[in-house]
Amino acid sequence: MTFRESLPLLANFIDGEFSAPASGRYIDNFSPATGLVYAQIPNSDASDVDAAVEAAKRAFPAWRALSPLARAEMLHTIADKLEARTEEFARAESIDQGKTLRLARDIEIPRAVKNFRFFADFISGREASRPIATDIAMNEVVHSPLGVAALISPWNLPLYLLTWKIAPAIAFGNTVVCKPSELTPMTAFMLGEVLTASGLPPGVCNIVHGLGSKAGEALVTHPDVKLVSFTGGTKTGKHIAELCARDLKRASLELGGKNPGIIFADADLGECIPTTLRSSFQNQGEICLCNSRLYVEDSLFPEFVERFSAVARRAKPGDPLSDNSFLGPLVSREHREKVMGYLEIARAEGATFHLGGGIPELPEPFSGGYFLEPTILSNVAADSRVQMEEIFGPVVTITPFHGEDEALHPANSTEFGLPARTRTQDEARAARVARAIDSATVWVNTWMLRDLNAPFGGMKKSGWGREGAEWSLDFYTETKNICSKPGASK
Ligand code: NAD
């Protein structure tokens, strides 16, 4: 698709300047609430990526040479400038992705601000090196940045997840080239303005828009890119791992999930039902942390299904900018078709639909938007594709169980291992279940409580590596040991 004169044009951000793609080619950017094209983004190729990597390479020596305190100060300035534009960024994120304005304003943009503040504070409070003195050696452990990092992010939490990569990467002294999702480029584009206003030196953070198969792949395979931090689907993650392996490039992969929630009969339903509403349908279920499979103890099952369905019935999809909407549209027409494909499978297999399953009727201008009703299913076979594969939409299955083992077996039966959740008032049981679930994070009597001091990542085919505090330090730096012999003459 080429340039359409009437639409706003987004630009790449390379070496501190906004620039058009070298090819002059653009991609349409749709508003999911209306289904209409409302902007165009660069369809960048290898030449744009080359320019961005070259700029990042040039900026690296001076950026790494700055003291951690000087870099921390810069990250705080970025946080301040972004925070001052919270409302504007939240509206842009809502229009671009389909999430409700409330969610973007109350959680996601503040969290993007926090990503910068957290890593600024983290590097400010650290010693430059860690001594390990023994009777045979004096070791001094230091961390050095690697150089140019490729940061590739998905469409579901656009700025939140992109800044989760930018903040630690530059805090530890790397320079970066970002490739945001082509479906949700807007707030990454606006971030270029914030970086400029903050006085970030040109080339430290570059942003190249475009398709994964073209701009993304050119970035991952660029010989001067030393590490790749990727968040996205498992299939893409496997491909990126293969590309990185050819060159032994370091990769962190945060991938798909099919997260179980195990709810015992002693759960406090007053708290559990509202949490389950969010863990099932927040951001239309398009959060890698949503629980798409619920296992409910059999004695509670009928009451739980009735009460949860009653509450979810009031959670209406609609204009994402309105505070009356609990859900917005799905991100794209193709993605809604994929989700509806799973509902067809459920229907064909005789599942029970307690709620939803269809496209809601909405007034103009939303009749062409990619909306879907929140959907609650039961009676879905354990080995159904609906139970085993990531749907990533407003669809949740509920299955009764009798005894811990009957819940743990299916909970652990998918290829994924992102977060899980359990609800019980029995602390010993919570501890047992949490240790037995194959998930990198297990929430007990809560959901989506993210402490950036803790490790985050995925087990099994949900990813490689962990990020957060020390774990981000390990990923974004080389750990080096400078070893001398105690008492040796100088
Ligand atoms: P995706 O894998 O299609 O794309 C993710 C990013 O990778 C996009 O920027 C895309 O352009 C790029 N890309 C695609 N092909 C590429 C290639 N060959 N080389 C380089 N880059 C390429 O994922 P998506 O549909 O944007 O996001 C949804 C997925 O992300 C879901 O599976 C979800 O579970 C996952 N996700 C995981 C986490 C986590 O923390 N584990 C967080 C959010 C989303």
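Residues numbered from 1 in each chain as written. Predicted model: local features only at pLDDT ≥ 70, side-chain atom pairs only at ≥ 80, totals over all residues. Heavy atoms only, no water.

1. What about the overall build of the chain?
When you go through the chain residue by residue, the secondary structure sums to 15 helices and 24 strands. For 490 residues, the compact-globule estimate of 2.2 N^0.38 gives 23 Å, and the chain sits close to it at 23 Å. Across its three principal axes, the chain shows a C-alpha extent of roughly 75 × 70 × 40 Å. When burial is assessed residue by residue, the chain has 57% of its 490 residues classed as buried. Positive and negative side-chain charges of the chain, numbering 50 and 60 respectively, have mean locations separated by a distance of 3 Å. (Helix = DSSP H or I, 4+ residues; strand = E, 2+ residues; numbered from the N terminus. Rg over C-alpha atoms; globule rule 2.2 N^0.38 Å. Buried < 20%, exposed > 50% of the residue type's maximum accessible area, 1.4 Å probe, protein only. Lys, Arg positive; Asp, Glu negative; His and termini not counted. Charge placed at Lys NZ, Arg CZ, Asp CG, Glu CD.)

2. As for the pattern of salt bridges
This structure, assessed with the given rule, holds 18 salt bridges. Two residues, Arg 58 and Asp 15, come together in a salt bridge whose shortest N-O distance is 2.9 Å. One end of the pair, Arg 58, is in helix H1 (residues 46-65); the other, Asp 15, is in the loop between strand S1 (12-14) and strand S2 (17-19), with 43 residues separating them in the sequence. Linking Arg 85 and Glu 193 is a salt bridge whose minimum nitrogen-to-oxygen distance equals 2.8 Å. Pair noted here: Arg 85 is in the loop between helix H2 (68-84) and helix H3 (86-97) and Glu 193 is in helix H6 (residues 186-198), with a separation of 108 residues, a long-range link. Taken together, the salt bridges that share partners define one network made up of Asp 80, Glu 83 and Arg 117. (Salt bridge = Lys/Arg side-chain N within 4 Å of Asp/Glu carboxyl O.)

3. Brief notes about the site of the ligand
Taken together, 30 residues lie around the ligand, and Lys 179, Glu 182, Thr 236, Leu 255 and Glu 390 are the ones closest in. Taking Glu 182, its side chain carries an N or O atom lying 2.6 Å from an oxygen atom of the ligand. With the chains in place, 89% of the 850 Å² that the ligand exposes on its own is no longer accessible. Taken together, the elements giving at least two residues each to the shell around the ligand come down to helix H7 (212-220), strand S10 (225-231) and helix H8 (234-246). For the shell around the ligand, the element with the highest residue contribution is H7, accounting for 4 residues. The class makeup of the residues in the shell around the ligand is 13 nonpolar, 12 polar and 5 charged. (Near = heavy atom within 4 Å. Polar contact = N/O pair within 3.5 Å; in protein donor to acceptor, adjacent residues only side chain to side chain. Areas by Shrake-Rupley, 256 points an atom, 1.4 Å probe, with all protein chains shown as cover. Nonpolar A, V, L, I, M, F, W, Y, C, P; charged D, E, K, R; others polar.)

4. A word on H3
Taking 1.5 Å of rise per residue, 12 residues should cover 16 Å, and H3 covers 16 Å from first to last C-alpha, within 8% of that figure. All buried positions along H3 are accounted for by Thr 86, Phe 89, Ala 90, Ala 92, Glu 93, Ser 94, Asp 96 and Gln 97. Among the structural elements, strand S3 (26-31), strand S4 (36-42), H2, helix H4 (101-124), helix H5 (158-171) and H6 are those in contact with the buried residues of H3. Two residues or fewer past H3, Gly 98 is found with a positive phi of approximately 105 degrees. (Expected span 1.5 Å × (residues − 1). Contact = heavy atoms within 4.5 Å.)

5. Description of the packing of aromatic side chains
Taken as a whole and judged by the stated rule, the model has 14 aromatic pairs. With 5.4 Å between their ring centres and 65 degrees between their planes, Phe 18 and Phe 189 make a pair best called edge-to-face. Remark: Phe 189 occurs in helix H6 and Phe 18 occurs in strand S2; sequence separation between them is 171 residues. Here the aromatic residues Phe 118, Phe 119, Phe 122, Trp 164 and Phe 172 are joined through ring pairs into a cluster of three or more. (Phe/Tyr/Trp six-rings, centres within 6.5 Å; stacked < 30°, edge-to-face > 60°.)

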